[in-house]
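# Understanding the architecture of this molecule
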Amino acid sequence: AEIKRHARIDQLLDQAMEAFDSGDYLRALGSYRAILKLDPEHLMTLLNMGNVLQALERDDDAETVYRKTLSLNPYYVFGSVALAKLYLSTKRPAEAREVLEKVLEWYVGDSEVRVYLGLALGFQNNPQRAIEEFEIALKLDADYAPAHYYLGIQYQKIDLARSKQHLRAYLSSTDSRSANPRMIATAKKILKKL
């Protein structure tokens, strides 16, 4: 019975991912709900469900689901990052910062956490601390493209040479097929101006 339950969960996960990739968010939600009936504490399902809810602009529901991942496992980095990203996208940088600073109490070695903390600090008009976080992200992973991008953005007002350096590093380390096209366009536009 347990093997069948796991096989059914795997099947539903595949169906949900396929539905999400094709833009059928409601079908994806249905698959995720079916999984939660089989395993109410399935963290990856809860995380993915939050992502679908956010894509549907149901931010309050997404927040609830992300918070549930963290109530089940307070050390679930993906849940913390997803919640922080939601807070940043809904213009709540103080809440994003709080979530990410809690993560850093027990997990200091993640570039993505550092970049999102830098963004939260930047949105709170603390550009120097934002730069520090982006620099830490690069110390952890010298090729982490988003850190180069955001350093290029931050430095354009205070150090043009460094801004160019980081934007060029971003463009050279970014795979244009998987990167955010808006970020690529912005980096190129800023470089033309500098």
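The structure this text deals with has already been given above.
Now for a quick tour of the structure. Note that the structure is predicted; figures quoted are calculated from it, not measured. (Residues numbered from 1 in each chain as written. Predicted model: local features only at pLDDT ≥ 70, side-chain atom pairs only at ≥ 80, totals over all residues. Heavy atoms only, no water.)

## Some remarks on the layout of surface pockets
By volume, the largest pocket is sized at about 770 Å³. Counting residues per element, the ones that place at least two in the lining of the largest pocket are α5 (77-89), α7 (111-123), α8 (127-140), α9 (145-155) and α11 (181-193). Broken down by element, the residue count for the lining of the largest pocket peaks at six residues, all from α9. The residue makeup of the lining of the largest pocket, split by class, is 14 nonpolar, nine polar and four charged. As a volume, the second largest pocket reaches approximately 250 Å³. (1 Å grid on protein atoms, 1.4 Å probe; cavity = no way out; pocket = protein on both sides within 12 Å on 5 of 7 lines; lining within 4 Å. Points joined across faces, edges and corners; volume = space filled by probe spheres on them. Helix = DSSP H or I, 4+ residues; strand = E, 2+ residues; numbered from the N terminus. Nonpolar A, V, L, I, M, F, W, Y, C, P; charged D, E, K, R; others polar.)

## Some thoughts on a negative patch on the surface
A surface patch of negative charge is lined by D10, D14, E18 and D21. Judged by its relative accessible area of 64%, D21 falls in the exposed class. (Patch = residues over 30% accessible without salt bridge, like charges linked within 9 Å, V, L, I, M, F, W, Y side chains within 5 Å. Areas by Shrake-Rupley, 256 points an atom, 1.4 Å probe, with all protein chains shown as cover. Salt bridge = Lys/Arg side-chain N within 4 Å of Asp/Glu carboxyl O. Lys, Arg positive; Asp, Glu negative; His and termini not counted. Charge placed at Lys NZ, Arg CZ, Asp CG, Glu CD. Buried < 20%, exposed > 50% of the residue type's maximum accessible area, 1.4 Å probe, protein only.)

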